[in-house]
Amino acid sequence: MDTSVPKETRRINVYTPPGYDAARGARYPVLYMLDGGLQEDFPHVASSVDAAIRAGEMRPVLVVGIENTQRRRDMTGPTAFAEDRKIASVVGGSAQFRAYIAAELMPLIRKRYRTGDETGIIGESLAGLFVVETFFKQPKLFDVYIAISPSLWWNQDALVQAAEPRLKAGGFGRRTLLLSSANEDNIAPQTARLADALRAVAPKGLTWRYDPRPDLQHSTIYRALSPQLLRDAFPPETGAGSRQAK
């Protein structure tokens, strides 16, 4: 699709669950995934979701993969530190990227597909940083936030340092936040500190969990952990009062 800000073309990949075409009256939760290109993480996430749905371990969802154009620009917020800015020629574009998702992509998906009210987002590493930043800065954009090994070191741990006052300020509503980290010196300590803040002052209505996995590496945690996290985030229907039925 063509985007207005910035002006560029971005490929979007969409998975529809088994029975989608036949169940013409049904509406489905939507999982938005970062790093969602066919040469990125979309194939393994869509495969995991499909297997879980067919096994009855996860309710049917749509998966919308957002392929990268300038990943380090889009996944990072502003930083006051020159060392951070060395990772790419342009950084700090997360607010613009989030605006694109909210104002352009999500309305397009709602128009073209039979979506329900429930949405989620998943990302790993810098994409996990974007997930956590979105949770704090625009919490009502999604219902479910999954941040795998989020790069919370960005801007000298700024999101972690501001976590407690932001959580105390409220405004989150009914949300789910799933955090995890691997054996990573520059990620696990920050994620653990964020979990400490959540233990101390998590607002009412927030369901959260932190899964420390020191047995895994940064390069292996996404594929190892995402299948179970997705099952936990979108469990099978248990009755008529489910969110999918909205």
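Turning to the overall build of the protein, a few remarks are in order. Regarding its fold elements, the protein presents 8 helices and 9 strands. C-alpha atoms of the protein, sized along the principal axes, occupy 55 × 40 × 35 Å. Sorting the 246 residues of the protein into buried and exposed places 54% on the buried side. Considering only contacts in the protein between residues 6 or more positions apart, those separated by 24 or more positions represent 76%. Across the protein, the centroid of the 32 positively charged side chains sits 6 Å from that of the 27 negatively charged ones.

This part is about the packing of aromatic side chains. Throughout the structure, instances matching the rule amount to 10 aromatic pairs. Ring geometry for Phe135 versus Tyr145: centroids 5.4 Å apart, planes at 75 degrees, classification edge-to-face. Separated by 10 residues along the polypeptide, Phe135 in helix α4 (residues 126-137) and Tyr145 in strand β7 (residues 144-148) bring together distant segments of the chain. A relative accessible area of 1% places Phe135 in the buried class.

Here the focus is helix α1 (residues 42-54). With 13 residues, α1 ought to run about 18 Å at 1.5 Å a step, and its terminal C-alpha atoms sit 18 Å apart, in line with that. Among the residues of α1, Phe42, His44, Val45, Ala46, Ser48, Val49, Asp50, Ala52 and Ile53 are the ones counted as buried. Looking at the buried side of α1, the elements it contacts are β3 (12-15), β4 (28-33), β5 (62-66) and α8 (221-233). Residue Gly56 follows α1 closely and has a positive phi angle near 75 degrees.

With that settled, the discussion passes to unusual backbone geometry. In the Ramachandran plot, Asp35 falls in the positive-phi region, its phi being about 55 degrees despite a non-glycine side chain. Tracing the sequence through the fold places Asp35 in the loop between β4 and α1. The class for Asp35 is buried, based on a relative accessible area of 5%. Notably, Ser149 is not glycine yet its phi reads approximately 45 degrees, a positive angle. You can see Ser149 is positioned in the loop between β7 and α5 (154-161).

On to the nonpolar core. Residues Leu34, Ile101 and Phe136 are the most contacted members of the largest nonpolar core, which totals 44 residues. In terms of residues, this core owes the most to one element, α4, which gives 8 residues. Residues contacting Leu34, with those up to four places away along its chain left out, are Ile66, Met75, Phe97, Ile101, Ile121, Ile122, Gly123, Ala127, Phe130 and Val131. Core analysis: the second largest hydrophobic core is formed by 26 residues, Val49, Val61, Leu178 and Leu216 among them.

Scoring rules and cut-offs
- Residues numbered from 1 in each chain as written.
- Predicted model: local features only at pLDDT ≥ 70, side-chain atom pairs only at ≥ 80, totals over all residues.
- Heavy atoms only, no water.
- Helix = DSSP H or I, 4+ residues; strand = E, 2+ residues; numbered from the N terminus.
- Buried < 20%, exposed > 50% of the residue type's maximum accessible area, 1.4 Å probe, protein only.
- Contact = heavy atoms within 4.5 Å.
- Lys, Arg positive; Asp, Glu negative; His and termini not counted.
- Charge placed at Lys NZ, Arg CZ, Asp CG, Glu CD.
- Phe/Tyr/Trp six-rings, centres within 6.5 Å; stacked < 30°, edge-to-face > 60°.
- Expected span 1.5 Å × (residues − 1).
- Core = buried A, V, L, I, M, F, W, Y, C linked by side-chain atoms within 4.5 Å.

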